[in-house]
Amino acid sequence: MKKITYSFILFLTAGLFACNKQSTLPDHYAIIPGGNTNVKFLMLSPNAPQANFFINSAKISGIAPTTTGVVQGLVFPQLYPASVAYSTFTAGAVKVDIKVTDSSTVMPGQTLLSVNQTFAPNKFYTFAVVDSLSKISTVVIEDDPTVPDPTKSYFRVANFVSNFPSMKIEVVKTSSGTPLTMSYPNLAFKSVTAFDTLAAGAGQVYKIYLKHPISDKRLDSISAFTPTPSKKYTIYTRGVAGLPDSTTNAKRPIITSYTNF
């Protein structure tokens, strides 16, 4: 009987200690205010110097400084925050400034572009800076997080290749099963399609081609796109049309993707 009593006391003491220990752990998250909006930034102007994004004069992008403390900015073709993330700030009508860092050797401290934009509360957006520096502009797209069918994946296609009015994109299923080809023959510069569905999960593989809309010449491809059920993706093009063929030229027309949700 004594052994049972002592065992129970030890068990109870251990349980209380575990509970107390757990309750003293610090929280590593922040609750997003209900009135906030959420924005992903893309720096896709191919010849723009490094720059940061400001919302009503407050810097929203946060690239890590150099080891000597020099402030850095986004350069082509970076996204901010990461591939699967959004910046959050108070919703409403705001002024968005894209400012070159003071440390830049080109246009230091100058503002590349200022735009007035309204972002609704509890919404998600992609804010893309596109075109060459002399014609720099923006594209703002709402990112709908809803997934009507969680067994499928969702994707949309955006064309941000400058120096040509349109591009051709093809989505071709390369895995076994029912064949599938989806074509966007003349996707205009700065245009974005609505979300469409793809079969997803184990064994569902697609190849995505970027082609010249007139000659049908293959410019680039995603060789193995394997979507996950219930995920939403943006497949987008970037770069400058008409550059000499070179697989090492980072500013040639390229097709790639990021995950929205």
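Here is a short report on the structure shown in this document. (Residues numbered from 1 in each chain as written. Predicted model: local features only at pLDDT ≥ 70, side-chain atom pairs only at ≥ 80, totals over all residues. Heavy atoms only, no water.)

### So, unusual backbone geometry
Quick reminder of the rule: Each helix corresponds to a stretch of at least 4 residues labelled H or I by DSSP, and each strand to a stretch of at least 2 residues labelled E; elements are numbered beginning at the N terminus.
Between F76 and the following residue, P77, the backbone shows a cis peptide bond with an omega angle of 0°. Assignment of secondary structure puts P77 in the loop between β3 (58-59) and β4 (79-80). The linkage connecting Y80 with the following residue, P81, adopts the cis geometry, with an omega of 0°. Tracing the sequence through the fold places P81 in the loop between β4 and β5 (87-90). At M107, a position not held by glycine, the phi torsion is positive, near 55°.

### Some thoughts on the sheet that holds strand β16 (residues 232-238)
For clarity, the cut-off: Two strands form a pair only when DSSP identifies at least two bridges running between them. The axes are straight lines fitted to the C-alpha atoms, using for helices just the contacting stretch, and the angles between their N-to-C directions are given from 0 to 180°.
Reading across the sheet, the four strands line up as β13-β10-β16-β17 and stay open at both edges, with mixed pairing between neighbours. Two strands close off the open sheet at either side, each with one partner strand: β13 (196-199) and β17 (254-259). Neighbour-to-neighbour, the strand axes of the sheet open up by a mean angle of 35°, direction not taken into account.

### Here we look at the pairing of strand β8 (residues 124-130)
Formally: Using a 1.4 Å probe on the protein chains alone, a residue whose accessible area is under 20% of its type maximum counts as buried, one over 50% counts as exposed, and one in between counts as partly exposed.
Burial analysis of β8 places six of its seven residues in the buried class, which makes it a mostly covered element. Bridging between β8 and strand β9 (residues 137-142) involves six bridges; their strand directions are antiparallel. Paired with Y125 across the two strands is E142, which belongs to β9. Once β8 ends, the chain turns through six residues before running back antiparallel as β9, passing D131 with a positive phi of about 75°.

### Re the side chain of N36
The line we're drawing: Think of a polar contact as two N or O atoms within 3.5 Å of one another; within protein, one of them needs to be a possible hydrogen donor and the other a possible acceptor, and neighboring residues in sequence only count if both atoms come from side chains. Any two residues whose heavy atoms approach within 4.5 Å at even a single point are treated as in contact.
Topologically, N36 is positioned in strand β1 (residues 36-44). A polar side-chain atom of N36 sits 2.9 Å from a polar atom in the side chain of T88. With residues up to four places along the chain from it excluded, the contact list for N36 reads T88, F89, T90, A91, A120, P121 and N122.

### A closer look at the environment of I55
In this structure, I55 sits in strand β2 (residues 51-55). Sequence separation of I55 and V94 is 39 residues, and the distance between their C-alpha atoms is 6.5 Å. Contacts of I55, omitting those with residues within four sequence positions, involve F41, I60, F89, V94, K95 and V96.

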